[in-house]
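For reference, the chains in residue letters:
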Amino acid sequence: MCRWMAWHGQPVLIEELLFKPKHGLIDQSLHARMGAETTNGDGFGLGWYGTGEGPGVYHSVAPAWGDANLRHLAAHVESPLFLAHVRATSGTAVQETNCHPYRHGRWLLVHNGLINEFRTLRRELMLAVEAALVAEIQGTPDYELLFYLARTSGLEDDPLAALERAVGFVEEHAGRYGIDKAIQASIGISDGERLWALRYSTEARSRTLFLSADARSVKELHPENPRLQLLRDEDRLIVSEPFADLPGVWHEFPESSAVIVHPGGEHEQRPFRPSAH
């Protein structure tokens, strides 16, 4: 469906994680190994936090592997926190407003997944969005609407609880229509300080998601790798699939779980349990 990544740590040039790893996100846009599709060429998006107010965002409907503007941008922008996404559409149009990350104020969200039979559910889900927010919805994908359901459900105060309520609401309404396997959700979200990520599906067979190990362990496991020796304690990377086959570097998210990465690299893991409104 899609592939995404999120970095939280020391400031790095974005190209170091997009283009230079053997199986980084740009390679995954052509050769995904763990996704529903091998190729993710229906657009690309990058959102990063820097010196300006709120995040910067770059969207393109071009395939990520052939976007020269992206290559130039990534080689000159340094950021301590950024999210990137390559898209394989599940049925909605290939257009810039449908590319991730979705942005609102200081918030960015990326995802890999779908709401099953979204066209059947869309009207009722849209009506549940706070009226003042409806006009801000620019695209047509299911997960932009889920983002706004989460905003309606208290995203600003507790992002994971808001997403639990939003996902639970989708499952509740899907059940009324007899829709099985209502949702697949691999989501990354940030406010510029913290990073949240979750892995969940109604059928308990979720899309893959991995968190990098702590820097000290990674450096001890792979002293021969000069790039890994540059890692600091605060560095954490979350990916749809590993960037390289390096034993001990990647920890797969358990089913129905979420991780919060705090400034300084400390992280906490907790269950993700959707609840109906």
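In this report, the structure presented in the accompanying data block is examined. (Residues numbered from 1 in each chain as written. Predicted model: local features only at pLDDT ≥ 70, side-chain atom pairs only at ≥ 80, totals over all residues. Heavy atoms only, no water.)

With that settled, consider the sheet that holds strand β9 (residues 210–212). Taken together, 7 strands build an open sheet; the order of strands is β3-β2-β4-β1-β10-β9-β11 and the sheet is antiparallel. Pairing within the sheet leaves two strands with one partner each, and these edge strands are β3 (56–60) and β11 (250–252). Averaged over all adjacent pairs, the angle separating strand axes in this sheet is 15 degrees, with direction ignored. (Pairing = 2+ DSSP bridges. Helix = DSSP H or I, 4+ residues; strand = E, 2+ residues; numbered from the N terminus. Axes fitted to C-alpha atoms, helices over the stretch in contact; angles between N-to-C directions.)

We now examine unusual backbone geometry. Cis geometry is found at the peptide bond from H100 to P101, where omega equals 0 degrees. Looking at where P101 falls in the secondary structure, it is placed in the loop between β4 (78–87) and β5 (102–104). Its identity as a non-glycine residue notwithstanding, E117 has a phi of 50 degrees, on the positive side. With respect to the element layout, E117 can be found in the loop between β6 (107–115) and α4 (118–127). Although it is not a glycine, A204 adopts a positive phi angle of roughly 60 degrees. The residue A204 is located in the loop between β8 (195–201) and β9 in this model.

Residues lying three or four places apart along an α-helix face the same way, a consequence of the helix completing one turn every 3.6 residues. Counting buried positions over the 11 residues of helix α6 (residues 142–152) gives 10, a clear majority of the element. Of all the positions in α6, only D142, Y143, E144, L145, L146, F147, Y148, L149, A150 and R151 are classed as buried. Packing partners of the buried residues in α6 comprise β5, β6, α4, α5 (131–134), α7 (159–176) and β7 (183–190). (Buried < 20%, exposed > 50% of the residue type's maximum accessible area, 1.4 Å probe, protein only. Contact = heavy atoms within 4.5 Å.)

Keep in mind these values describe shape, not function.
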